[in-house]
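The primary structure of each chain is shown beneath.
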Amino acid sequence: MEDYLHMLLQMIDYAPDVLFPSPAFPIAFRAALASLTVIHTDIIFAALDFIRGIVTHDCLIPSSTPPPTFPIYAGAIRPVVQKEGPELTGYLLSGTVGDFPEESASTVVTIFRQLAALWQQDLLSWLPVILQQLPASAVPDQVKAQFLTDMTR
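Right, let's walk through the structure included here. (Residues numbered from 1 in each chain as written. Predicted model: local features only at pLDDT ≥ 70, side-chain atom pairs only at ≥ 80, totals over all residues. Heavy atoms only, no water.)

Of regular secondary structure, the protein possesses 8 helices and 0 strands. From first element to last, N terminus to C terminus, the protein shows the α and β order α-α-α-α-α-α-α-α. A compact globule built from 153 residues would reach a C-alpha radius of gyration of about 15 Å, and the protein, at 16 Å, matches this within 12%. If you line up the protein on its principal axes, its C-alpha atoms span 45 × 35 × 25 Å. A separation threshold of at least 6 residues defines the contact pool for the protein, and within that pool the share at least 24 residues apart is 67%. Surface summary for the protein: the accessible area is close to 8,300 Å², and the carbon and sulfur share equals 57%. (Helix = DSSP H or I, 4+ residues; strand = E, 2+ residues; numbered from the N terminus. Rg over C-alpha atoms; globule rule 2.2 N^0.38 Å. Contact = heavy atoms within 4.5 Å. Areas by Shrake-Rupley, 256 points an atom, 1.4 Å probe, with all protein chains shown as cover.)

Here it is in structure tokens:
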């Protein structure tokens with residue numbers, strides 16, 4: 001799994017024309033999501049780096065003169081993130097309060113910031129259900145409510 005994720009990371013930089021328009025892209029994204037459930041630091045870091053590379057890709061930033069391939073990339077990324085967003089958000093939150101290594105916090109924050117910037121309304125619709133699924137022993141209800149309030153602002 002780790003080798004596959006490292007290959008995908010290389011593809012973002014060196015072969016985006018192959019990765020993003022491919023019918024395998026949604027499957028690769030799901031594989032990265034599944035990797036977030038594995039309790040193995042290297043796999044978690046690779047999956048988070050891959051997801052960060054996707055949601056922070058330059059094609060998602062509006063530009064007056066984007067390269068001709070950027071609309072194609074963005075057209076592939078947006079629906080996948082929108083479809084898999086609830087699961088992604090759930091894994092990020094449960095991993096942060098659970099088994100993710102402490103060093104992954106900055107990557108998780110970057111992903112969340114990008115989701116909040118580009119998928120704001122979607123993220124706000126996903127969060128209430130996801131927050132309720134987090135165990136109260138790990139995240140008290142008051143903290144969940146405060147987090148949701150902060151995200152809404």
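Here the focus is the packing of helix 3 (residues 25-35) against helix 4 (residues 41-55). As a packed pair, helix 3 and helix 4 sit with axes 8 Å apart at the nearest point and diverge in direction by 140°. Between helix 3 and helix 4, the angle falls in the class oblique. The two elements helix 3 and helix 4 meet at a crossing, and its hand is left-handed. Between helix 3, through Phe-25, Ala-28, Phe-29, Ala-32, Leu-33 and Ser-35, and helix 4, the contact on the second element is made entirely by Ile-43, Ile-44, Ala-47, Phe-50, Ile-51 and Ile-54. The residue makeup of the contact of helix 3 with helix 4, split by class, is 11 nonpolar, 1 polar and no charged. (Axes fitted to C-alpha atoms, helices over the stretch in contact; angles between N-to-C directions. Parallel < 35°, antiparallel > 145°, perpendicular 65-115°, else oblique. Left-handed = near helix turned anticlockwise from the far one by under 90°. Nonpolar A, V, L, I, M, F, W, Y, C, P; charged D, E, K, R; others polar.)

In this structure, Phe-20, Leu-36, Phe-50, Ile-54, Ile-77, Leu-92 and Leu-115 are the most contacted members of the largest nonpolar core, which totals 47 residues. Elements with a contribution of two residues or more to this core: helix 1 (2-14), helix 3, helix 4, helix 5 (70-97), helix 6 (105-118) and helix 7 (120-133). In contact with Ile-77, other than residues within four places in its own chain, are Phe-20, Phe-25, Ile-54, His-57, Cys-59, Leu-60 and Trp-119. (Core = buried A, V, L, I, M, F, W, Y, C linked by side-chain atoms within 4.5 Å. Buried < 20%, exposed > 50% of the residue type's maximum accessible area, 1.4 Å probe, protein only.)

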